[in-house]
Amino acid sequence: MSMKNFLYLALVLVSVVVITACGADSSSENEGNQSNGNNTANQSESNDSGEKVKLNVFQFKAAISEQMKDMEKAYEEEHPNIDLTIDTVGGGADWMANLKTRFASGEAPDVFVVEGPEQLELWEEYLTDLSEEPWVEHSLPFAKEQMMKDGKLYGMPMNIEGFGFIYNKDLFEEAGITELPKTESELEEAVEKLNDAGITPFANGFATWWAIGLHLPNIAFAHQDDPFKYIEQLNSGDTSISENEKFYELQELLDFMLENGTPNPLSTDLNTQLTLFASGEAAMVHQGNWTEPTIFGINPDLNVGLLPVPLNDNEEEMDKIQVGVPFSWVINNETKHMDEAKEFLNWMAMSETGHKFVTEDFLMIPAFDHMDVSKLGQVSQDINKYSKDAKTLDWTFPSWPDGFADETANLLQGYIGDQHDFETVLEKMDNAWQEFK
């Protein structure tokens, strides 16, 4: 079934109650968005009448929602003919389900975000070819790959991200940790020293679905000999998850984090997790550089760095950081404001103000070769170093079947809550892969 047919069917099935509930669950920005008449179909086709053009943007980076609102204001100051609404649905919310509902209910945004090859296929019939835009020549080649098809570029990569264990350097020093852990045994030694010093090693936040449904299992996927060949073999049924040793190593890591972490991991959301870490109540958090605005907003003086997440004692294999392009901006090809939508992307990628927001306010590692990176945060600087040293692992989840990560999050949360044993989790992951692929 095509995406348009799927969305038409969804529109028939969605009741007024469901749409209302969806609006109630969305962020305050979404509520304001609806009150401002966020409906592409109802927008004027031009601003010849002198009325402002309403441009609606959808993104899921909850950690920078406030900074996005600041960018919204700055853009309107430089573009007085535009009434810009940047709506953020993320954090613990299912942003993809929310986006599908918006399309189904006639409230499709003009500009939105997608992740990687699977979502390129999912949304292709709604995407605009951006191959001739001025920012393309400055975009890093590898960052464009996931949004290329048949020689056309359908998305603008906004940044590069990496994740691992963000650690508190001062707490490590207090515990007497002089050598940073690169292997499983070294991590165990560091955790023992933290415990002996009365310091909680990990701030665990497994109420956040993507933290446990995307980033945690990606560790096992990324450490396959050839991650994308492994995915092809899963698709063809020639291999499995339940018989793969890396996933059992992942179980050991998860159990270790739970045994040495903050209490109530299933009721700890992203903001609570980051608050625990930023306030010094735990020494490590499994997150990435996108959390820097929140962490430093809580504690501007925090001294942090980024560590790899080891599954075993093979240092050459384990001393690597997972790095990828988290999302690309795309333009709805049914928008009545195509020129304005393209100008918004060009402004972010090409203007001095846009550069400032990307690197200084969002603290993002840009996916472009013409942006200054000297003011990046400490975690981002570590990611840059690992990248330059070619010590990186792939983000594989953009190539997972749509829906697999949600089911994986539910299964792993069930494991933490003692609803399943791990063998059952992996068997159900195999079943989910075949169902969703």
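Residues numbered from 1 in each chain as written. Predicted model: local features only at pLDDT ≥ 70, side-chain atom pairs only at ≥ 80, totals over all residues. Heavy atoms only, no water.

Caption draft 1: Here's a closer look at the pattern of salt bridges. Taken as a whole and assessed by the stated rule, the structure comprises 13 salt bridges. Taking the shortest distance from any N to any O, the salt bridge between Glu 161 and Lys 61 comes out at 3.0 Å. On the criterion of sequence distance, the pair formed by Glu 161 in strand E7 (residues 159–168) and Lys 61 in the loop between strand E1 (53–59) and helix H4 (65–78) is long-range, its members being 100 residues apart. Each member of the pair, Glu 161 as well as Lys 61, is classed as buried. Here Glu 133 ties to Lys 342 by a salt bridge, and the two come within 3.7 Å at their closest N and O atoms. Taken together, the residues Glu 133 in the loop between helix H6 (116–123) and helix H7 (141–144) and Lys 342 in helix H16 (residues 338–350) connect sequence positions 209 residues apart. Residue Lys 342 is classed as partly exposed on the basis of its relative accessible area of 22%. When salt bridges that share partners are traced, they join Glu 121, Glu 124 and Lys 149 into one network. (Salt bridge = Lys/Arg side-chain N within 4 Å of Asp/Glu carboxyl O. Helix = DSSP H or I, 4+ residues; strand = E, 2+ residues; numbered from the N terminus. Buried < 20%, exposed > 50% of the residue type's maximum accessible area, 1.4 Å probe, protein only.)

Caption draft 2: Summary view of the packing of aromatic side chains. Following the criterion strictly, the structure yields 30 aromatic pairs and no others. Plain terms: the ring middles of Phe 112 and Trp 123 are 5.5 Å apart, the flat faces sit at 65° to each other, and that makes the pair edge-to-face. Taken together, the residues Phe 112 in strand E3 (residues 111–114) and Trp 123 in helix H6 connect sequence positions 11 residues apart. One exposure class covers both Phe 112 and Trp 123, and it is buried. Ring geometry for Phe 202 against Phe 256: centres 6.1 Å apart, planes inclined by 75°, an arrangement best described as edge-to-face. Pair noted here: Phe 202 is in the loop between helix H9 (184–196) and helix H10 (209–222) and Phe 256 is in helix H12 (residues 245–259), with a separation of 54 residues, a long-range link. No difference in accessibility class separates Phe 202 from Phe 256, as the two residues are buried. Each member of the aromatic cluster is reached from another via a ring pair, and the members are Phe 163, Trp 210, Phe 221, Tyr 230, Phe 247, Trp 290, Trp 395, Phe 397, Trp 400, Phe 404 and Trp 433. (Phe/Tyr/Trp six-rings, centres within 6.5 Å; stacked < 30°, edge-to-face > 60°.)

Caption draft 3: Representation of the environment of Glu 115 in the model. Secondary-structure assignment places Glu 115 in the loop between E3 and H6. When its relative accessible area of 15% is taken as the criterion, Glu 115 is described as buried. Distance from Glu 115 to Gly 155, taken between C-alpha atoms, is 9.7 Å for residues 40 residues apart in sequence. Apart from the residues lying within four places of it in its own chain, the contact partners of Glu 115 are Phe 60, Trp 95, Pro 326 and Pro 398. (Contact = heavy atoms within 4.5 Å.)

Caption draft 4: Quick look at the pairing of E7. Across the 10 residues that make up E7, a large majority, 10, are buried. Note: E7 against strand E12 (residues 365–366), 2 bridges, orientation antiparallel. Across the sheet, the residue bridging to Ile 160 is Ile 365, located in E12. Bridge count between E7 and strand E9 (residues 304–307): 4 bridges; the pairing is antiparallel. Following the sheet pairing, Tyr 167 is matched in E9 by Gly 305. (Pairing = 2+ DSSP bridges.)

Caption draft 5: Representation of the side chain of Asn 312. Position of Asn 312 relative to the elements: it lies in the loop between E9 and helix H15 (315–318). Here the side chain of Asn 312 touches Glu 249 through a polar contact of 3.4 Å, side chain to side chain. Of the polar contacts made by the side chain of Asn 312, one reaches the backbone nitrogen of Asn 314; its length is 2.9 Å. (Polar contact = N/O pair within 3.5 Å; in protein donor to acceptor, adjacent residues only side chain to side chain.)

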